[in-house]
Amino acid sequence: MKNFLLLFCFMMIAGMTAHAQVSARMFRTPDVSQTQIVFSYGGDIWIVDKQGGTASKLSSPSGAEGFPRFSPDGSKVAFSGNYDGNYDVYVIPNQGGVPTRVTYHGMGDRLVDWYPTGDKLLYTSSRESGKQRFSQFYKVDAAGGISEKLPMAYGEYGSLSPDAKQIAFNERSVLNDTWKRYRGGSNGNIWIFDLTTLASTNITNTNAGCELPMWHQDRIYYMSDRGDEQRDNIWMYDIKTKTTTQITNFADFDIHFPSLGPSEIVYEANGDLYLMDLKTHKSNVVKINVVTDLIAVKPRKQSVSSYIANGGISPDGNRVILEARGDVFSLPAEEGYIQNLTRTSGVAERFPAWSPDGKYIAYWSDKSGEYELTIRDLTQGAAETKLTSMGAGFRYNIFWSPDSKKMVWVDQTMTFNMYNMETKEWNKIDQDGRLFEGGLRSWYPSWSADSKWLAYEKGQENGNTAIYIYNTQTKINTKATSGFYADRNPTFDPDGKYLYLVTNRNFNPIYSDFDNSWAYPNASQLAAITLTKEQASPLSTENDTVAIAKVEEAKEAEEAKEAKGAKGSKKDKDDEKAKEDEKEK
């Protein structure tokens, strides 16, 4: 009986422990030593036995940490962390302890790796790149001190040769960009650079992505999507034979952040952590749990005042709607309370817009899995209705027509769209292939007062923008300006007489004292287009004129007057003679 109770208690404790453990499937920037794996999870650094199991947390500042790397003997872990308001390099014992700060510059420093000797660190920083548009390599003592910049002009990720006389590196990186399968000049290549002779060799020579080189003996491993799968996999370059071989063959998912250890490469793919043996090139999944309170998903009260993104004002100006942390809020202008209109955990609402009649609030909601046009009818208890089923894509600001019957917006394909509340249909208006993220967010059309016309700007082949006017009834676009000059920000006047715009037509060149070129300041001017032939220009001037009589017309008038006078005299004489004859009789 006693043994049964002990067994029962053990099973209960084991069950509670298992329940408290969390399968860590969001690994980032792992590294491996001879006996342990270190990785970033939840913004902190964790360490675990190489065979897997329950990980322990090594760091816990309020800021995030990443890119942990074991020292060559595995006794220390260096990483980039934000303990004191800036990303710097720190070193901590693998058993835990007080982190030692290594770098102190005001720009962020990203750890790359240890030197093979174990006494120095390699990191990147944009501290000397002017406007921080690129990074460069620096070397610093692991205990801290003055940093030394390496001779390469550019550098993002790299790996030193075993004798530290050469380095394999990529000069550019798209690792943290949002696009995938990119082919072009922003991708970097893997180079071997001799730190003594300063000679360099491109070992990849491809327009595909090549990142994170790892130097092991006479081989250089790296991550690339150059294969037929167009997924990031591990590739190998043999320095002796100068041949390239694909090692892993993931076809559905990319691998992420591979890192080299003494005998394995560790990497993440599809949420799992893998160890790849450097001799056999076989990969195995390492099962890892973390013991944590999952503070990021614990329900809590959160001030959203610093997360405000988009919003609008009610037609009467009494309230404001704002987007913050994926919800739509209604705020009073002066008196009243703040109301969370959507309250949808796990659903994002974006770009709210109030209809001019005050009846509706429109926004994009991804409740269905994709962002669809959604409205709340404030006369029906704020009932929510999904209006569209457009599918995959991202949409931006919503613009109501003055009669509250139509809405227009631009999407990620740079297409202008309109939804009709009466017909419950949406159609495409036009497309501007020269709009990108900034332009998409700032796209701003103008409605005419009668809701019949829509004016907007559109990019031209010469790089300028022209003004277009769209008839919502006939669905015909009219180009209102030639695009020879840059015209933008069209705005209808309330009476529908003019279309105002900003145009770059003032040329007053000034020669620069610094860069030996001309500058054209204050080129933008306000302009107006008359919308009917009868409407006079608002800039037309009044001018008093002097009437000049024509000589011939004056002469003819005088002769006519004299003739009339002569005829009158003869008639008078005849009348007098007739009267005298009558008297004589």
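Residues numbered from 1 in each chain as written. Predicted model: local features only at pLDDT ≥ 70, side-chain atom pairs only at ≥ 80, totals over all residues. Heavy atoms only, no water.

### Considerations on the side chain of Asp272
Operational definition: Runs of E in the DSSP output that reach at least two residues are strands. Runs of H or I that reach at least four are helices, and both are numbered from the N terminus. The buried label goes to any residue with under 20% of its type's maximum accessible area, the exposed label to any with over 50%, and the partly exposed label to all in between, with areas taken from a 1.4 Å probe on protein chains only. Contact between two residues is taken to exist if any of their heavy atoms lie within 4.5 Å; hydrogens are not considered.
Take Asp272: it is sitting in strand 24 (residues 272-277). Take Asp272: its relative accessible area is 15%, and that puts it in the buried class. Not counting the four nearest positions on each side in its chain, Asp272 is found in contact with Arg25, Phe27, Tyr267, Val285 and Lys287.

### Some thoughts on the pairing of strand 42 (residues 476-479)
Here is the rule: Each pair of strands is called paired provided DSSP finds at least two bridges between the two strands.
The sheet contact formed by strand 41 (residues 465-471) and strand 42 spans four bridges and is antiparallel. Paired with Tyr470 across the bridge in strand 42 is Asn477. What sits between strand 41 and strand 42 in their antiparallel hairpin is a turn of four residues, with Lys475 showing a positive phi close to 60 degrees.

### With respect to the sheet that holds strand 36 (residues 406-410)
Spatially, the four strands line up as an open sheet ordered 35-36-37-38, and their pairing is antiparallel. The open sheet has two free edges, formed respectively by strand 35 (399-400) and strand 38 (425-431), since each of these has just one partner strand. Two strands pair when backbone bridges link them, and strand 37 (residues 415-420) and strand 38 are joined in this way by six bridges, in the antiparallel orientation. Across the sheet, Asn417 pairs through a bridge with Lys428, a residue of strand 38.

### With respect to the pattern of salt bridges
Threshold: The rule for a salt bridge is simple: a side-chain nitrogen of Lys or Arg has to be within 4 Å of a carboxyl oxygen of Asp or Glu.
Taken as a whole and judged by the stated rule, the model has 22 salt bridges. A salt bridge links Arg110 to Glu156; the shortest N-O distance between them is 3.2 Å. Of this pair, Arg110 sits in strand 10 (residues 109-114) while Glu156 sits in the loop between strand 13 (148-149) and strand 14 (157-160); the two residues are 46 residues apart in sequence, bridging distant segments of the chain. Residues Arg110 and Glu156 agree in their burial class; the two are buried. Salt-bridge contacts for Asp119 lead to Lys120; the nearest nitrogen and oxygen are separated by 3.7 Å. Connected through shared salt-bridge partners, Asp84, Asp88 and Arg101 make up one network.

### Quick look at the nonpolar core
As a reminder, the rule being used: The criterion is simple. A nonpolar core is a set of buried Ala, Val, Leu, Ile, Met, Phe, Trp, Tyr and Cys residues joined through side-chain atoms within 4.5 Å.
Counting residues in each nonpolar core, the largest one holds 34 residues, and the members touching the most others are Trp364, Leu373, Met407, Met421, Ile429 and Tyr456. At the level of secondary structure, the elements contributing two or more residues to this core comprise strand 31 (349-354), strand 32 (360-365), strand 33 (372-377), strand 35, strand 36, strand 37, strand 40 (453-459) and strand 41. Here Ile429 is in contact with Val408, Phe416, Asn417, Met418, Leu454, Tyr456, Tyr470 and Asn477, once residues within four sequence places are set aside. Residues Ile247, Phe257, Ala269 and Met276 belong to the second largest nonpolar core, which totals 17 residues.

### Brief notes about unusual backbone geometry
Both trends apply: most residues other than glycine have a negative phi, and most peptide bonds are in trans. With phi around 50 degrees, Phe67 is a residue other than glycine that occupies positive phi space. Of note, Phe67 is situated in strand 6 (residues 65-70). Taking relative accessible area as the criterion, Phe67 reaches 14% and is therefore assigned buried. The residue His281 is not glycine, and still its phi comes out positive at about 65 degrees. With respect to the helices and strands, the residue His281 is situated in the loop between strand 24 and strand 25 (283-286).

Function cannot be read off these values alone, since they describe shape.
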